[in-house]
Structure formats: C-alpha cells, structure tokens
Amino acid sequence: MIKKAFAYREAAPSANKEEKKAAFDRSKNAVLNENGLDVLLVRNFDDLRVPTLAAYDAIILQYQDVERVYELLMAVRSSSFEEIYLKPCFILAYEAHVDPVVEQLSDGVLTEPSILSHFAKTENILEAMAEIADVKTDFTGRKLLLKLMRYLYSRQSPLVPVPSKRSHTGYAFPFLEANVKNYEYEEIFHLLEAGVQRGFLSEDFVDVMHLCSNCNSGFINYREVCPKCNTRKLTAQNTIHHFVCGNVGPESDYKENGKLVCPKCDRQLRHIGVDYDKPSLVVECENGHIFQEPNMETFCFNCHSVGQIEDIVEQPANEYHLTASGAETALSGKTKVKEEKKLADGFVSLPVFRTFLKLEIERLKLNDIHTTVSYISLLLSPATLKKHEDNYEDFRNDLGTLLVEQLKPSEIATMLDDDVFLVISPEGEEEPTKQRFKEICERITGVLANSLDGNKADRVAYGSFEVEADNESDSVMMQINEKLKVF
C-alpha cells in the first residue's frame with residue numbers, strides 16, 4: 001500500500017526556519033519519495049549535472065524552458081552508461097503543449113509533480129535496467145544498435161518517427177539523434193537497416209521522406225524554371241480559344257481597353273462558354289520564352305545545392321519494433337562473454353594499452369616531446385555486416401592486420417570491442433599524424449571494397465588528438481568515448 005501520494009524529502013530536524021523554507025523553494029530542485037523511489041524534481045537546470053542523475057530512480061523535468069529540457073534529455077539519452085541513458089524521465093507540463101520530440105525523449109507527460117500515474121511504467125523500466133546492468137556482451141557491429149535495442153527493451157515500445165522541424169530530414173528519431181551528429185544523419189538509416197537485416201528489429205511503413213541527394217536534408221524547395229534559360233521569374237496566364245474564328249492565344253493578346261477583343265477577327269468576346277473558353281495555361285519567363293510546362297528543380301535549404309526532381313532520394317520513415325531476437329540481444333548480446341577474444345597479431349589488450357598510455361604521459365612530463373592518440377572506427381554497411389555475420393571476427397582481424405602493417409614500429413595499437421582501433425603514436429605531432437591516418441583509412445576503405453568483399457557504402461572514420469602532459473590516462477579514454485560512445 002502507498003501510504004503517502006508523494007512527499008518532499010524533509011530537512012534535518014535541526015534545520016532552522018530559513019533552511020526549511022529553502023527546502024520548499026519552488027525555484028530549486030527537490031527530491032520526492034514515492035512508494036520507496038527517489039524522484040528528482042528539476043526546476044533549476046543550472047544546478048544539475050548529468051552524472052549525478054544516476055543517484056535517483058526517476059527524474060521529473062519542469063517544462064518551463066523548452067530548450068533547456070530538450071538539451072538535458074538529449075544529454076541523458078546520449079550518455080554511454082545504462083544507469084543514465086535508460087533513466088525514467090518525465091515532463092511536468094501542467095497545461096502547456098509539449099514539443100513532440102521532447103515528449104518522445106521522455107517517458108510521459110505529467111500534470112502534477114508525481115510519477116504515480118506512470119508508476120507501473122517506471123517500475124518496468126527500473127526492472128529492465130536491473131536486468132541489463134553490468135552485463136557484458138560479445139555483440140558485433142555498432143554499439144549504438146545495442147544501445148537502441150536496450151532502450152526499446154526497457155520501454156517495451158517501438159521507435160516512432162516524429163515530424164519535426166528540429167530534424168535534419170523532417171522526421172526525427174529523437175533517441176538516435178541524441179547519439180548521432182547532425183551531419184552524419186545517414187548513419188541512422190544504415191543503423192536501422194542493419195537492425196532489420198540482422199533480425200533485431202521489424203519495421204512498419206509510416207511515410208516516405210524526400211531528401212536532398214547531397215546532404216540528406218528534408219528541407220527542400222520545389223520551384224518552377226524556364227525550360228530554355230532556367231530563370232525562375234515566370235508569369236502564368238490563361239489561353240483563350242475564340243469559338244467563331246478558332247483563334248487560340250494568350251489572354252494578354254485579347255485584352256484591349258479593358259475588354260476582350262479577338263486579335264484575329266476583331267470581334268469582342270462577351271460570354272465565356274458562349275463566345276470563348278480558357279482551355280489551358282501558358283507561361284512566359286522574364287526573357288520572353290513562352291511555354292506550357294515549366295521544368296521543376298529542387299533547392300536544398302541546408303546545403304544550397306540545386307538538383308532535379310529525379311535526383312531526390314526517397315527514404316522510408318518506418319516505425320521499428322524490437323523482435324524476440326532483439327530482446328535477447330538487448331540482454332546479453334546473444335551470449336555473455338566467457339573468455340577474452342584472441343587478439344590479432346600486432347595488437348595489445350586494452351589494459352596493456354592503458355598502461356602504455358600512462359607511461360607515455362609520464363614521459364611527456366619529463367621531455368619536450370609530442371604524443372598523439374588516434375582512433376579508427378569501422379562504419380560498415382548493413383550489407384557487409386550481413387555478409388560477414390558468421391566470420392566477423394576473422395574479417396575484423398584482417399582489417400586490423402592491414403592497419404598494423406602500416407604503423408610505425410614504435411606505435412601501440414589495441415582493439416576496442418569489434419569496430420574500433422586505438423593507436424598511440426609516441427613523438428608524433430597531431431597534424432602530421434592525422435594526415436597519415438587519413439591515408440591509412442583511405443587504403444583500408446579501398447581494400448574493403450576491392451579485396452575483402454565489402455560494399456561501397458562502407459566507411460572508416462578516424463581522428464587524432466595530441467596528449468597533454470597534465471592529462472590523466474582515464475581522461476584521454478573518456479575524450480575518445482565522447483566521440484565514439486563505445487565504453
């Protein structure tokens with residue numbers, strides 16, 4: 001039985017009047033206790049740090065500043081830690097209309113500061129979080145797909161496209177957009193396609209997005225142009241067909257002193273349907289070209305590219321459901337890791353890599369040298385993942401061997417999960433190292449397409465940054481994780 005609908009956590013018995021008043025200050029954050037759960041009520045976003053949310057069972061965000069609520073929810077859902085990105089989050093909106101994207105990033109809209117109306121849902125999410133917590137997996141492919149499956153499993157609800165001006169394509173998948181940079185939006189399509197092809201997701205048709213072929217933006221202007229000179233300044237008018245003499249011409253040719261007079265036979269036209277009709281439209285451009293059908297072109301508001309209608313990319317906007325296989329994978333990645341995977345030749349384990357990184361930082365403190373850490377991330381197409389599903393480890397090791405063959409003898413490399421390699425380059429400055437890894441990635445992409453049965457949609461992302469002497473090895477690893485979301 002619930003003895004009390006909800007209660008603010010009380011101040012200590014020794015608190016004075018001012019302290020008690022502050023505890024109930026409606027401009028400050030407060031902690032509610034609801035049926036044994038600690039619920040953080042957020043009113044002041046300036047006082048909040050995302051990592052601290054792990055200490056609470058659920059979060060309520062007061063819907064006053066829409067952008068602050070949106071930014072916080074995006075930060076929560078983009079976290080790499082299950083106890084953060086799976087956190088039950090609710091919007092306290094009273095009578096306000098809630099942005100559909102914000103609403104989907106949350107777990108529901110409340111009209112009073114209490115989660116009791118959504119208590120069963122909150123308990124289900126917390127139970128799912130407990131099942132997932134600390135479970136290591138041998139999942140192959142992008143870790144964002146596993147993250148999505150765990151999110152859908154904890155919510156027991158589908159991933160639904162939301163029409164939104166916030167979205168690059170016009171339809172938003174808010175949870176995924178929190179985890180993918182705007183300019184890499186095509187990765188969302190690849191990710192969802194991979195989920196369907198691997199049997200983790202099923203899809204239901206909702207709509208078709210028409211996107212720019214250059215940047216995948218859905219914000220496109222369709223405009224008529226002259227078929228001869230491509231000018232967009234056009235004037236349309238009716239044509240007139242004079243029944244008596246059969247003359248057909250633009251309406252402007254018939255106008256004479258406010259009347260309609262046939263330019264061929266000089267008769268005045270009085271009644272439409274009796275003397276004449278208007279069978280069609282004719283268009284004239286600013287350069288005097290006359291035609292009936294203008295050409296259509298597209299203009300992208302995002303990248304400003306001009307294209308033809310036939311160049312538009314049609315991308316389905318589907319609703320995605322977690323399959324039974326997807327639910328199983330969300331919990332365990334098919335099988336729990338029983339032993340360390342065999343490393344490809346030339347690579348060290350992650351703990352050894354961390355040790356080398358610590359030693360290199362100590363060396364930086366004593367010497368005026370440069371050291372750079374680089375990452376290489378395999379962004380493989382769904383077709384390639386499907387093709388190598390049964391031999392992915394060997395396939396990945398072949399790519400790793402190709403990388404090692406191009407490294408300097410002094411460089412240290414490790415494999416991070418299934419699709420990321422890290423490299424320490426002692427005495428390597430950032431820009432020359434970055435350029436060298438760009439060339440290495442271009443070679444890997446070429447070998448992927450030509451020798452390893454890959455696909456032209458396969459990509460290899462990379463990045464390099466210089467390690468500072470005052471860095472800690474853990475902070476360097478977290479800097480990598482901010483870009484890749486792999487820990």
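Scoring rules and cut-offs
Residues numbered from 1 in each chain as written. Predicted model: local features only at pLDDT ≥ 70, side-chain atom pairs only at ≥ 80, totals over all residues. Heavy atoms only, no water. Helix = DSSP H or I, 4+ residues; strand = E, 2+ residues; numbered from the N terminus. Contact = heavy atoms within 4.5 Å. Areas by Shrake-Rupley, 256 points an atom, 1.4 Å probe, with all protein chains shown as cover. Pairing = 2+ DSSP bridges. Polar contact = N/O pair within 3.5 Å; in protein donor to acceptor, adjacent residues only side chain to side chain. Buried < 20%, exposed > 50% of the residue type's maximum accessible area, 1.4 Å probe, protein only. Axes fitted to C-alpha atoms, helices over the stretch in contact; angles between N-to-C directions. Parallel < 35°, antiparallel > 145°, perpendicular 65-115°, else oblique. Left-handed = near helix turned anticlockwise from the far one by under 90°. Nonpolar A, V, L, I, M, F, W, Y, C, P; charged D, E, K, R; others polar. 1 Å grid on protein atoms, 1.4 Å probe; cavity = no way out; pocket = protein on both sides within 12 Å on 5 of 7 lines; lining within 4 Å. Points joined across faces, edges and corners; volume = space filled by probe spheres on them. Expected span 1.5 Å × (residues − 1). Core = buried A, V, L, I, M, F, W, Y, C linked by side-chain atoms within 4.5 Å.

When you go through the protein residue by residue, the secondary structure sums to 15 helices and 25 strands. Sequence-distant contacts in the protein: of pairs separated by 6 or more residues, those separated by 24 or more amount to 66%. Carbon and sulfur atoms make up 48% of the accessible area of the protein, which totals about 25,300 Å².

On to the sheet that holds strand β13 (residues 255-256), then. By way of backbone hydrogen bonds, the strands of a sheet pair with one another, either parallel or antiparallel. Read from one edge of the open sheet, 3 strands run β13-β14-β15, paired in antiparallel fashion. Edge positions in the sheet fall to β13 and β15 (268-269), since each of these pairs with one other strand and no more. Sheet analysis places strand β14 (residues 259-261) next to β15, joined by 2 bridges and oriented antiparallel. Considered in β15, the bridge of V261 is made with Q268.

Counting through the fold element by element, H370 comes out in the loop between α11 (350-366) and β22 (371-379). Remark: the alpha-carbon pair of H370 and E430, spanning 60 residues in sequence, is separated by 8.1 Å. Apart from residues lying up to four places away in sequence, H370 is in contact with L364, S425, P426, E427, G428, E429 and E466. A distance of 2.6 Å separates a polar atom in the side chain of H370 from a polar atom in the side chain of E466.

Look at D266: it is not a glycine, yet its phi comes out positive at around 65°. Here D266 is to be found in the loop between β14 and β15. At H304, a position not held by glycine, the phi torsion is positive, near 65°. Its location among the elements puts H304 in the loop between β19 (295-300) and β20 (306-308). By relative accessible area, H304 is classed as exposed at 54%.

Attention shifts here to the packing of helix α13 (residues 392-405) against helix α14 (residues 430-450). The contact between α13 and α14 brings their axes to 10 Å, and the two run at 140°. When the axis of α13 is compared with that of α14, the two are oblique. In this structure, the crossing between α13 and α14 has a hand that is right-handed. Along its contact with α13, which presents F395, L399, L402 and L403, the element α14 presents F437, I440, R443, I444, V447 and L448. For the contact of α13 with α14, the residue count by class is 9 nonpolar, no polar and 1 charged.

Inspection of the secondary structure assignment puts V476 in helix α15 (residues 473-484). Relative accessible area serves as the criterion here: at 1%, V476 is assigned to the buried category. The spatial distance from the C-alpha of V476 to the C-alpha of L357 is 8.9 Å, given a sequence separation of 119 residues.

Let us now look at empty space enclosed by the protein. Scanning all chains against the criterion turns up 1 cavity of 30 Å³ or more. The space that makes up the largest cavity amounts to roughly 120 Å³. Lining of the largest cavity is provided by 14 residues; of these, R142, H190, L191, A194 and L380 occupy positions nearest its centre. Looking at the lining of the largest cavity, the elements with two or more residues in it are α8 (186-197) and α12 (382-387). Among the elements that take part in the lining of the largest cavity, α8 stands out by supplying 4 residues, more than any other. Grouping the amino acids of the lining of the largest cavity by side-chain chemistry returns 8 nonpolar, 3 polar and 3 charged.

To continue, consider helix α6 (residues 143-155). Compared with an ideal rise of 1.5 Å per residue, which puts 13 residues at 18 Å, α6 spans 19 Å between its outermost C-alpha atoms and is within 8% of the ideal. Counted residue by residue, α6 has 13 buried out of 13 residues, so it is predominantly covered. One or two positions beyond α6, positive phi appears at Q156, with a value near 55°.

A separate point is the sheet that holds strand β10 (residues 220-225). The strand order across the open sheet formed by 3 strands is β10-β19-β20, and the pairing between neighbours is antiparallel. The sheet is open, and its two edges are formed by β10 and β20, each paired on a single side. When the angles between neighbouring strand axes are averaged without regard to direction, this sheet yields 35°. The sheet contact formed by β10 and β19 spans 6 bridges and is antiparallel. Each bridged residue has a counterpart across the sheet, and for N221 the counterpart in β19 is F299.

Right, let's get into the pairing of β22. Judged by how many residues are buried, β22 sits mostly within the fold: 9 of 9 residues are covered. Along β22, one buried face is formed by T371, V373, Y375, S377 and L379 and the opposite face, lined by T372, S374, I376 and L378, is buried too. Note: β22 against strand β24 (residues 420-426), 7 bridges, orientation antiparallel. Pairing of T371 across the sheet is with P426, part of β24. Across 8 bridges, β22 lies against strand β25 (residues 459-466) in antiparallel orientation.

One finds I60, I115, L176 and L192 to be the most contacted residues of the largest nonpolar core, which totals 45 residues. A total of 8 residues in this core trace back to one element, the largest contributor, which is α6. The contacts of I60, once residues within four sequence positions are left out, are L32, V39, L40, L41, V42, F90, L92, L110, P113, S114 and I115.

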